[in-house]
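For reference, the chains in residue letters:
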Amino acid sequence: MATYSIEPDRTTLHGTFSREYPPVLTIASGDSVSYRTLEAGWPLEPPNTTGQARRVFEPRHPERDRGHALCGPVAIAGAEPGMTLEIQIDAIRTGTWGATYAGGSSRKALNGRLGVLDESRMLVWELDPDALVGRDQYGHTVALRPFMGVMGLAPDAPGIHPTAPPRICGGNIDCKELVVGSRLYLPVQVPGALFSVGDGHGLQGDGEVSGTAIECPMERVDLTFRLHKDLRLKTPRAETAAGQITFGFHEDLNEATLLALEAMLELLEQQYGVKRHEALALASLVVDLRITQIVNGVSGVHAVLPPGAIK
């Protein structure tokens, strides 16, 4: 199996998804790719507390590059609609800086309800990728748990599509459980799959309630890709240390919850050979429903089946 590398430059960066983007690399199932990624907002240097402008990546196309800074797309030879692409997360190493933003007018309903509509404020983080510790300008320290906010495939629709909402083929999932050692399974919608990654997060809680995590560049993101020709998924799944995960995405949080639960019932039916009523009863005992994020326009809910919960 081969290993490739991708650096963030004008040939590999984009800020939208499209089935029309040519792949920057075509690999075989079982191959690995090592990425270096920019912070989602395209800056090239750490933020500061003085309000001074930062250098950002240029040039950028006003339409194609309007969203998260993503690397790719990578095509997987032989990938066809109806198959499933497994992404194994082998390694993630943060950069040495990051930022978290809160407040302002970008999310009027949420920020107005919480009393922070007047202005936006920022925590500036110094990150230690070896000790996995972050420290902000006020002296608060947190333990880092890095993951990639955006891992997704091109949707089967013409034109370009924003990076903000998660979709059935992945994207801005923002699930904090997708750390090193996890495996994400995405339904393939277009030939080649066309995988892109970006939006590094040093740490995030379920919900991502301010709209941002510790947004940071990643010095290294190592991923291994495998095609599953006979695994037919309607929505993403994951295998993590927390357990097996199914996802639901919808503008309505209640509907997102039901979608995640329906996908979990299908998983239980497949793995344990049970009928729908029995699957629902078992889920009521051992499955946890968690709010993935509420800030991407399309909300996310994930259902978690902990390891060994059902013998």
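To be clear, the structure that these remarks concern was listed above.
Residues numbered from 1 in each chain as written. Predicted model: local features only at pLDDT ≥ 70, side-chain atom pairs only at ≥ 80, totals over all residues. Heavy atoms only, no water.

As for helix α3 (residues 276-286)
Right, on to step 1. Turning to α3, its buried residues number three or more, namely A279, A283 and V286. Projected down its long axis, α3 shows its buried positions confined to an angular sector of 85 degrees, all on one face. Structural note: α3 exposes H277, S284 and L285 on the side pointing more than 90 degrees away from its buried face.
Right, on to step 2. Buried residues belonging to α3 abut α2 (253-272), β21 (288-293) and β22 (299-305). (Buried < 20%, exposed > 50% of the residue type's maximum accessible area, 1.4 Å probe, protein only. Helix = DSSP H or I, 4+ residues; strand = E, 2+ residues; numbered from the N terminus. Arc of directions from axis to C-beta. Contact = heavy atoms within 4.5 Å.)

What about the side chain of E177?
Right, on to step 1. Looking at the element boundaries, E177 is found in the loop between β15 (170-172) and β16 (183-187).
Right, on to step 2. The exposure class of E177 is buried, given its relative accessible area of 7%.
Right, on to step 3. When residues no more than four places from it in sequence are discounted, the contact partners of E177 are R145, S182, T240, A242, I245, R290 and H302.

What about the layout of surface pockets?
Right, on to step 1. Each pocket or cavity is described by its volume, and for the largest pocket that value is around 390 Å³.
Right, on to step 2. Looking at the largest pocket, it is lined by 24 residues, and the ones nearest its centre are A40, G41, H68, T212 and E215.
Right, on to step 3. Looking at the lining of the largest pocket residue by residue, the class counts come to 6 nonpolar, 9 polar and 9 charged.
Right, on to step 4. In this structure, the second largest pocket occupies an estimated 160 Å³ of space.
Right, on to step 5. In terms of lining residues, the second largest pocket is bounded by R232, L233, K234, T235, R237, L259, E262, A263, E266 and Q270.
Right, on to step 6. Of the residues contributing to the lining of the second largest pocket, the split by class is 3 nonpolar, 2 polar and 5 charged. (1 Å grid on protein atoms, 1.4 Å probe; cavity = no way out; pocket = protein on both sides within 12 Å on 5 of 7 lines; lining within 4 Å. Points joined across faces, edges and corners; volume = space filled by probe spheres on them. Nonpolar A, V, L, I, M, F, W, Y, C, P; charged D, E, K, R; others polar.)

Digging into the packing of α2 against α3
Right, on to step 1. For the pair α2 and α3, interaxial distance at closest approach is 9 Å and the crossing angle is 110 degrees. What the angle tells us is that α2 and α3 run roughly perpendicular. Seen along the crossing, α2 lies across α3 with a hand that is right-handed. The residues of α3 that touch α2, namely those facing L261, L265, E266, L268 and E269, are R276, A279, L280 and A283.
Right, on to step 2. A class-by-class count of the residues in the contact of α2 with α3 yields 6 nonpolar, no polar and 3 charged. (Axes fitted to C-alpha atoms, helices over the stretch in contact; angles between N-to-C directions. Parallel < 35°, antiparallel > 145°, perpendicular 65-115°, else oblique. Left-handed = near helix turned anticlockwise from the far one by under 90°.)

Concerning the nonpolar core
Right, on to step 1. By size, the foremost hydrophobic cluster in this structure holds 48 residues, and its most contacted members are Y35, I76, L85, M151, F195, L223 and F225.
Right, on to step 2. Top contributing element to this core by residue count: strand β18 (residues 218-228), with 5 residues.
Right, on to step 3. Beyond its immediate sequence surroundings of up to four residues, L85 is in contact with I76, L153, L184, Y185, L186, V188, A193, F195, F225, R226 and L227.
Right, on to step 4. Listed in part, the 15 residues of the second largest apolar core include A256, V274, V286 and A303. (Core = buried A, V, L, I, M, F, W, Y, C linked by side-chain atoms within 4.5 Å.)

With respect to the environment of A238
Right, on to step 1. Tracing the chain through its elements places A238 in strand β19 (residues 237-240).
Right, on to step 2. Placed 56 residues apart in sequence, A238 and S182 show a C-alpha to C-alpha distance of 7.1 Å.

Regarding the sheet that holds strand β9 (residues 120-128)
Right, on to step 1. Pairing in this open sheet of 4 strands is antiparallel, and the strands run β8-β9-β10-β11 from one edge to the other. Edge strands, defined here as strands with exactly one partner in the open sheet, are β8 (97-103) and β11 (141-143). Direction aside, neighbouring strands of the sheet carry axes that sit 30 degrees apart on average.
Right, on to step 2. For strand β10 (residues 133-136) and β11, the ladder comprises 3 bridges, and the chain directions are antiparallel. Bridge pairing in β11 links V133 to A143. (Pairing = 2+ DSSP bridges.)

Points about the state of the cysteines
Right, on to step 1. For the structure shown, the criterion picks out 0 disulfides.
Right, on to step 2. You can see C71 has no disulfide; the closest cysteine sulfur is in C216, sitting 14 Å from it. (Disulfide = S-S within 2.5 Å.)

As for a negative patch on the surface
Right, on to step 1. A surface patch of negative charge is lined by E251, D252, E255 and E262.
Right, on to step 2. Mapping E251 onto the fold places it in the loop between β20 (243-250) and α2. (Patch = residues over 30% accessible without salt bridge, like charges linked within 9 Å, V, L, I, M, F, W, Y side chains within 5 Å. Areas by Shrake-Rupley, 256 points an atom, 1.4 Å probe, with all protein chains shown as cover. Salt bridge = Lys/Arg side-chain N within 4 Å of Asp/Glu carboxyl O. Lys, Arg positive; Asp, Glu negative; His and termini not counted. Charge placed at Lys NZ, Arg CZ, Asp CG, Glu CD.)

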